[in-house]
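Summary of the model geometry
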Amino acid sequence: MNMRVQDLTVARGGVAVLEGVSFELGARRALILRGPNGIGKTTLLRTLAGLQPAVAGRIDVEPDAVAYAAHADGIKAVLSVRENLAFWANAYGGRDVGAALTAMNLDDLAERRAANLSAGQKRRLGLARLLVTGRKVWMMDEPTVSLDTASVALFAGVVRAHLAAGGSALIATHIDLGIEAEVLDLAPFKARAPVAGGQMGAFDEAFE
Amino acid sequence: MNMRVQDLTVARGGVAVLEGVSFELGARRALILRGPNGIGKTTLLRTLAGLQPAVAGRIDVEPDAVAYAAHADGIKAVLSVRENLAFWANAYGGRDVGAALTAMNLDDLAERRAANLSAGQKRRLGLARLLVTGRKVWMMDEPTVSLDTASVALFAGVVRAHLAAGGSALIATHIDLGIEAEVLDLAPFKARAPVAGGQMGAFDEAFE
Amino acid sequence: MRSLLRRDLWLAVRAGGGFGLGLAFFLLVAVIVPLGVGPEPATLAKIAPGILWVGALLSCLLSLDRIFALDFEDGSLDLLATSPMPMEAVVAIKSLAHWLVTGLPLVAVSPVLGLLLNLAPEGYIWLIVSLALGTPALSVIGAFGAALTVGLKRGGLLLSLLVLPLYMPTLIFGAEVVKRGAQGLAVGTPLALLAAITAGSLALLPFAAAAAIRVNLR
Amino acid sequence: MRSLLRRDLWLAVRAGGGFGLGLAFFLLVAVIVPLGVGPEPATLAKIAPGILWVGALLSCLLSLDRIFALDFEDGSLDLLATSPMPMEAVVAIKSLAHWLVTGLPLVAVSPVLGLLLNLAPEGYIWLIVSLALGTPALSVIGAFGAALTVGLKRGGLLLSLLVLPLYMPTLIFGAEVVKRGAQGLAVGTPLALLAAITAGSLALLPFAAAAAIRVNLR
Amino acid sequence: MSIWEYANPKRFMQTSGVLLPWVTGASLICLLVGLIWGFFFTPDADKFGSTVKIIYLHVPSAMMSISAWMMMLVASLIWLIRRHHVSALSAKAAAPVGLTFTVIGLVTGAIWGEPMWGTWWAWDPRLTSFLILALFYLGYLALWEAVEDKDTAADLTSVLCIVGSVFAFLSRYAVLFWNQGLHQGASLSMDKKEHVSDVYWLPLVVCIAGFVLLFVTLVLLRTRTEIRLRRLAALTTRERLA
Ligand code: HEM
Ligand SMILES: Nc1ncnc2c1ncn2[C@@H]1O[C@H](COP(=O)(O)OP(=O)(O)OP(=O)(O)O)[C@@H](O)[C@H]1O
Ligand SMILES: Nc1ncnc2c1ncn2[C@@H]1O[C@H](COP(=O)(O)OP(=O)(O)OP(=O)(O)O)[C@@H](O)[C@H]1O
Ligand SMILES: [Mg+2]
Ligand SMILES: [Mg+2]
C-alpha cells in the first residue's frame, strides 16, 4: 500500500472545497482524479504533497515516497535542459539524467537553454523531473497540458513503466491518457456549503 | 477575405522555424493549426499578431481586425474577474462585459479575485477577453489548456457563434474542439536546415 | 487610456499599498542616514538637501522594475501591444501612474523629513518646488530604463545601473535648488535647468521606451 | 545542497551579471551622494563611513526580492519544498549565495569608494573588517524579509520596509566601527556588537525564514 | 559601388584585413614618436614641473573616449536605420575600448588634478558628465551581456547609446556653457593657442593622432573578433540543425 487517504477535507482560501475524500493507492496502481474545473483537484494534490495542511482526515504515506509535479514546471530559463534536470537529480540524491532525457525524448534538446523551448517541450522537461526523483508515488497535476498526441503517448509509456517497476501514480487530468487506471470522480466529494452542514475554517467554527 | 498569408517564413531565436506558409481565412471560417510540439505554432501566431517581424512573405489583414490570445492570459491576480474583463473591454472601446461573463459561464465568479480562481477558471476568463474585443479575427494559442470537457464544449459554442456573426478564427490546438473547420497541418512547412538550403538570419547568410 | 491609468493606480493601491511603501522608504532613508552619519545638527543641515533628494531618487528607483515587469510576466504586455492603444500612450500613462503613487506623495511629505534632517527654514519651499518639478522626470526616465530591461530576469540591478546615471542631472540641479534656497541664494538657473530636463524627458523618452518595449517583446 | 549553491551562483552570474551589478550600484550610491551633498572634502570625509555603509545596505536590499521570488514564480519553490532538502538548508544556502554575489564583492571594492568619498586613511582597514563582518547579517536578514514577502506582488517595497528596520543595528554598529577607526579611536565595543548581531542572525533567522516560506506556500 | 558594400561582413573582413597592419603600424609609430618626444624632449613647466607631461596621456584619451561614444552613436544609427549587422557589431566592439580610454582619462586627470588643483576629484560639470559617461559605458556593456538574442541586444543598446550621447556631448561642450568649472576650456583649438605653447602643442598633436589610430586599430580588431564569434555561433546552430 503506497498511500492511504481517509475522510480527507481540504480547503482553499479558508473555505473547504472537498470533504470526505478516501482512497487507497497500491503499488503498480494508478489513480486518475477527475472532476470539472474548480472542483479542487489542485488543492487536494497540494495537500497530499504536504504543501498545505488538511482540515480534517488522515493521509498515510511512507515518508519520502512522494514526488509532486505542479501546474508550473519550475524550469530555470537560463539553464540548459540538462542543467535543469541535473539540479533536481542532485536534490533527490544524484540519479543519472541521461535515462530521463531519453525517456522524454529530450536528447536533441539537452544543451538548449530552457528559455528557447516551446510550451510542449518545457512540459516534457517538467515531467522528466519525476524520473530523476526516484520516488515511488508520483502526483501529477494536469501533466499533459500543451503536449501533442505523440508526447502524450510517450508520457503514458513512461508512467506505465513506472507502475511496472512497483511505483504508483496519482494523476489529475481532463483528457484520456490511455493508461489502465482506476478513476476517482471528485464531484461527489464537493464540500457542502456551511449552511448545509459543511465545514468552515476552524476560526469560523469557533463562533458557533 | 479576413486574412491572407502568402509564403510566410517565421523565425525564433534567429533560426527560421516555418517557411512557405500560405493560407486564406475567409469570413465565417475557422482554421485549425496542427503540428507536433515545437513545430512553430506559437511563433507563427505571434508573427501574425504583429508581435515579431516576419523573415519573408506577406501578411494581408485588415487593420485592427485581430485579437490575439496567448499561452498566458494576462490576468491581474488582485483584480476581480469583472474588473479584469472591464479593463480589456475599455481598452478595445468599451463593450459590455455582462454578455461575455455569461457566455463563458463566469457569472458566479464575477466578483471573485482572480487569484482565487482554479486553472480552468482562469483560462475561461482569458477566453472571455476575446468576446469584449469586438475584433473579427480571433487568433488563439492552445485555448483549451486546463479546460474540462464541459468548458471545451462551451468554448466551441462561443467560437461557433463568433463565426456565424461573420468573424473568423485561427486556432492552434492539440485536441479536438468539435468545431467544423479546415485543418492546416504545419509539418510540411517545417523550415529546412540551413545546410539543406534553408534560411538563416540575414546576417549569417551574408557569409556564404 | 483612462482605464489603464485607473487600473494601474488600483493595482498599486491594492497590491500591498503602493502609496504607503514609497513614502515609508523615503522616511527610512531620512532616518538611517542620521544613524549612519551621526546626529550633529550642523552636519545634518548641510547634507539635508542632498540626502533628501537622494532618498527621493532611491525610493523612485525601488519601484521602477514593476512598471512593466508584472505586465510582462503575466502576458498583459503582449496583449496590450496587440491592443488598439499605441505603445507610446501606454508608456506615458504608466509613467504617470508611477508618479502619482510614488512622486506625488514624496512631494507631499518632504517637509516633514526636512524637519528630521534639520533643513534650514528657507529651504522648505524650494524642497517642495524642486521635487514637484523633478520627480516627473524621475518617473519617465525610470520607465525608459524599465522598458529596456523588461524581458530580463534579475533586471532590477541592471535597471538601476542604466537609470542612475540618467538621474544624475536631475539630482544635481534638484539638490542645488534646495541648497541655494536654504542659504537664501538665487535659484533661477538650476530651477530652469531642472525644468528643462523634465520637459525634455517627458517629450522624448516615451518614444524611446515604446521602441524598447516593442523590441523586447519580439 | 552543493548543487543548489552552484545553481544559484550560476543563475546570478548568467542572468545579467550578478556580481558586476551589485557592485555598480554600490559605486553609484557613492557617486550620487557627493553629487547631492556637494563636493567639500571635509564634509564628505565626515559622512563617508555612514554613507558607505548605507550604500552597502541599499545595494544588498535591491537584490533581495530575487532571493526567493524567482523560484516562487516559476514554481521551483513548491518543488523544493516537497524535495528532500530541508527548507532551513534551502534558506541558508540561498543566503550564502546572495552574500557571495553581493556582500563579498562589496567588501572587496569598498576601499576604492572610500577614496571617492575622501575617507580618512586610518578608516580603510576598519571599513573592510566591518563590512566583512556585517554583510553576512545583511544577507540572512534580507532572506528572512524575502521569505516573509515571497507570495506578494509588488513585494519589493514592502520587503524594504520590513528589512530596513532590521538592518539598523548592523548599520549603526558597522558605521560606528568605521567612524571610530577613521578617527583612530578604539573600535572594540561596536565590533563585538556587530559580530554578535551577525552570529545571532545566522543562527536563528534561517529557521524563521523557513517557517515563513512554508506558510506562504500554502 | 556604394559605400554600404563594406557593411557586408565578408567584404568588411577582406578590407579590414588589408588595412589592419597599416593602421597598427601607423598608430605605433605615432604613439612612440609623440610620447617619447613629449616626455623626454620638452621642457618642464615653470610652476608645475614635470607633471605637465601628463597632458600627453590625459588629453588624447579623454578626447578619444568621447569620440568613441560618438562613433558608437553613428554606428547605432546606421544599425537602426539600415540594419547593417557589421555596424552594430562595431559599436559593440568600440565600447570596451572607449571605456578603457575613459578610465585612463579619469585616472590621469585625477593624478594631474592633485598637483594642479590640489584635489584628486571635483564635482565640476565636465568632470561630472565625463564620469556619467563612464557609467554609461558600463551600462551599455552590461546591457549587451544581459540580452541573449544578439539582434535584440543591438536594438536595445542602440537606443541606450542615443540617449547616452547627451552626456558625451555634455562632457565635450559643458565647459562652453558653464564657466564656473575648474577644468580647462578648449585649449587646443587653433586660434586659442595661447593656452599651450608650441613646444607642448606639436607632440600633443602627434599623440592625439596616435590615439586615434590606436582606436581605429582596436575597433577593427575587435569588430573582426565579433564577426567571427557571430559566424561561429551561426555555424554551431547550423550544425545542430543539420
Ligand atoms: C579627474 C580629473 C579630470 C577629468 C575627468 C578630465 C576630463 C577631461 C575631459 C572629458 C576632457 C575633454 C576631452 C574632449 O573634449 O575631447 C579633458 C580635456 C583636457 N583636460 Fe582634463 N580632466 C581631468 C583633470 C584635468 C587636469 C587636472 C588638467 C590640467 C590642469 C586637465 C587638462 C586638460 C586639458 C588641457 C584638456 C584639453 C582641453 C580641450 O581641448 O578641451 N584635465 N579632460
Ligand atoms: N479564497 C477563496 N475563496 C473561495 N473559493 C476559493 C478561494 N480560492 C480558491 N477557491 C476555489 O477553490 C476551488 C478549488 O480550486 P482548484 O485549483 O483546486 O481546482 P481544480 O480542480 O484544480 O480546477 P482546475 O481543473 O481548473 O485546475 C475553485 O473553485 C476555486 O474557485
Ligand atoms: N533560440 C533558439 N534557437 C533555436 N531554436 C529555438 C530557439 N528558440 C526557440 N526555438 C525552437 O523554435 C521552435 C518553435 O517553438 P514554438 O513555441 O513556436 O512551438 P509550438 O509549435 O508553439 O510548440 P508547442 O505546441 O509546444 O507550444 C521550437 O522547436 C523551439 O525549440
Ligand atoms: Mg488545477
Ligand atoms: Mg506553443
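Now for a look at the structure at hand. Worth saying up front: this structure is predicted, and the values here are computed from it rather than measured. (Residues numbered from 1 in each chain as written. Chains lettered and ligands numbered in written order. Predicted model: local features only at pLDDT ≥ 70, side-chain atom pairs only at ≥ 80, totals over all residues. Heavy atoms only, no water.)

1. Things to note about the arrangement of the chains
Summarising the chain contacts, 8 pairs of chains touch, and the pair with the most contacts is chains C and D. At the level of C-alpha atoms, the two units chain A and chain C stay apart, their nearest approach being 9 Å. Chain B makes no contact with chain D; the smallest distance between any of their C-alpha atoms is 9 Å. (Contact = heavy atoms within 4.5 Å.)

2. With respect to the sheet that holds strand β1 (residues 3-12) of chain A
Residues and elements named next belong to chain A. The sheet built from 3 strands is open, its strands ordered β2-β1-β4 with antiparallel pairing. This sheet does not close on itself; its edge strands, each paired only once, are β2 (15-25) and β4 (56-61). Averaged over all pairs of adjacent strands, the angle between their axes in this sheet comes to 30 degrees, without regard to strand direction. Relative to β4, β1 is paired through 5 bridges, and the arrangement is antiparallel. Bridged to Q6 within β4 is R58. (Pairing = 2+ DSSP bridges. Helix = DSSP H or I, 4+ residues; strand = E, 2+ residues; numbered from the N terminus. Axes fitted to C-alpha atoms, helices over the stretch in contact; angles between N-to-C directions.)

3. A word on helix α6 (residues 87-116) of chain D
All names here are of chain D. When the terminal C-alpha atoms of α6 are compared, their 42 Å separation across 30 residues agrees well with the 44 Å that a helix rising 1.5 Å per residue should span. At S110, α6 shows its strongest bend, of approximately 45 degrees, with the proline P111 following within four residues. Within two residues after α6, N118 carries a phi angle of roughly 65 degrees, on the positive side. (Expected span 1.5 Å × (residues − 1). Bend = angle between axes of the 7 residues up to and from the residue.)

4. Remarks on the sheet that holds strand β6 (residues 137-141) of chain B
Residue and element names in this part refer to chain B. One open sheet holds the 5 strands; their spatial order is β5-β6-β7-β3-β8, and the pairing between them is parallel. Of all strands in the sheet, those bounded by a partner on one side alone are β5 (66-69) and β8 (182-185). Each neighbouring strand pair of the sheet contributes to a mean axis angle of 15 degrees, computed without reference to strand direction. Bridging between strand β3 (residues 30-34) and strand β7 (residues 168-172) involves 4 bridges; their strand directions are parallel. When the bridges of β7 are listed, A30 appears paired with A169. Contacts between helix α1 (residues 41-48) and the sheet are confined to β3, β5, β6 and β7, with β6 contributing the most and set at about 150 degrees to the helix. This element, helix α5 (residues 149-164), spans β3, β6 and β7 of the sheet and lies at about 155 degrees to β6.

5. Remarks on the coordination of the magnesium ion (ligand 5)
Residues and elements named next belong to chain B. Those donors, T42 (OG1) and H71 (NE2), are the protein atoms that reach the magnesium ion (ligand 5), and they lie 1.9 to 2.6 Å from it. Separated by 29 residues along the polypeptide, T42 in helix α1 and H71 in the loop between β5 and α2 (81-91) bring together distant segments of the chain. A relative accessible area of 24% means that T42 is categorised as partly exposed. (Donors = N, O, S within 2.8 Å, 3.2 Å for Na, K, Ca; no water. Buried < 20%, exposed > 50% of the residue type's maximum accessible area, 1.4 Å probe, protein only.)

6. Some details on the interface of chain D and chain C
Listed by partner, the interface residues are 45 residues for chain D and 44 residues for chain C. Note on chain D versus chain C: buried area summed over both sides is about 4300 Å², and carbon and sulfur give 75% of it. Our count for the contact surface shared by chain D and chain C stands at 1 salt bridge. K46 of chain D is the salt-bridge partner of E40 of chain C, the closest N and O atoms lying 3.5 Å from each other. At the junction of chain D and chain C, the tally comes to 1 residue pair in polar contact (both at pLDDT 80 or more). Looking at the side of chain D that touches chain C, the elements that each hand over two or more residues are α1 (2-14), α2 (18-37), α3 (41-64), α4 (66-73) and α8 (155-182) of chain D. With 12 residues, the single largest contributor to the side of chain D that touches chain C is α8 of chain D. Each residue belonging to the side of chain D that touches chain C can be placed in one class, and the counts come to 29 nonpolar, 8 polar and 8 charged. (Buried area = accessible area lost by both parts, 1.4 Å probe. Salt bridge = Lys/Arg side-chain N within 4 Å of Asp/Glu carboxyl O. Polar contact = N/O pair within 3.5 Å; in protein donor to acceptor, adjacent residues only side chain to side chain. Nonpolar A, V, L, I, M, F, W, Y, C, P; charged D, E, K, R; others polar.)

7. Considering the site of ligand 2
Near ligand 2 you find 20 residues, and of these T42 and T43 of chain A together with R112, S118 and G120 of chain B are the closest. With respect to ligand 2, its neighbouring residues span chains A and B. A distance of 2.7 Å is found between an oxygen atom of ligand 2 and a backbone nitrogen or oxygen belonging to G38 of chain A. Between ligand 2 and H174 of chain A there is a distance of 3.2 Å, counted from an oxygen atom to a side-chain nitrogen or oxygen. In the complex, the protein chains occlude 90% of the 650 Å² of accessible area that ligand 2 would expose alone. (Near = heavy atom within 4 Å. Areas by Shrake-Rupley, 256 points an atom, 1.4 Å probe, with all protein chains shown as cover.)

8. What to know about the packing of aromatic side chains
All names here are of chain E. For the coordinates displayed, the defined rule picks out 10 aromatic pairs over all chains. Pairing W69 with Y140 gives two aromatic rings, centres 5.8 Å apart and planes at 65 degrees, and the pair type is edge-to-face. With W69 in helix α2 (residues 55-82) and Y140 in helix α4 (residues 125-146), this residue pair connects regions lying 71 residues apart in the sequence. Judged on exposure class, the residue W69 and its partner Y140 are both buried. Following the ring pairs from residue to residue traces out a cluster consisting of W69, F136, Y137, Y140 and F167. A cation sits over an aromatic face here: R83 above W79, 4.1 Å from the ring centre. (Phe/Tyr/Trp six-rings, centres within 6.5 Å; stacked < 30°, edge-to-face > 60°. Lys NZ or Arg CZ within 6 Å of the ring centre and 35° of its normal.)

9. A word on the packing of helix α6 (residues 87-116) of chain C against helix α7 (residues 123-148) of chain C
Residues and elements named next belong to chain C. With their axes 8 Å apart at the nearest point, α6 and α7 run at an angle of 155 degrees to one another. Considering the angle they form, α6 stands roughly antiparallel to α7. Crossing of α6 against α7: the hand is right-handed. Every residue of α7 that contacts α6 at V91, S95, H98, W99, G103, L106, V107, S110, P111, G114 and L115 is listed here: Y124, L127, I128, L131, A132, T135, P136, S139, V140 and A143. Classifying every residue of the contact of α6 with α7 by side-chain character gives 14 nonpolar, 7 polar and no charged. (Parallel < 35°, antiparallel > 145°, perpendicular 65-115°, else oblique. Left-handed = near helix turned anticlockwise from the far one by under 90°.)

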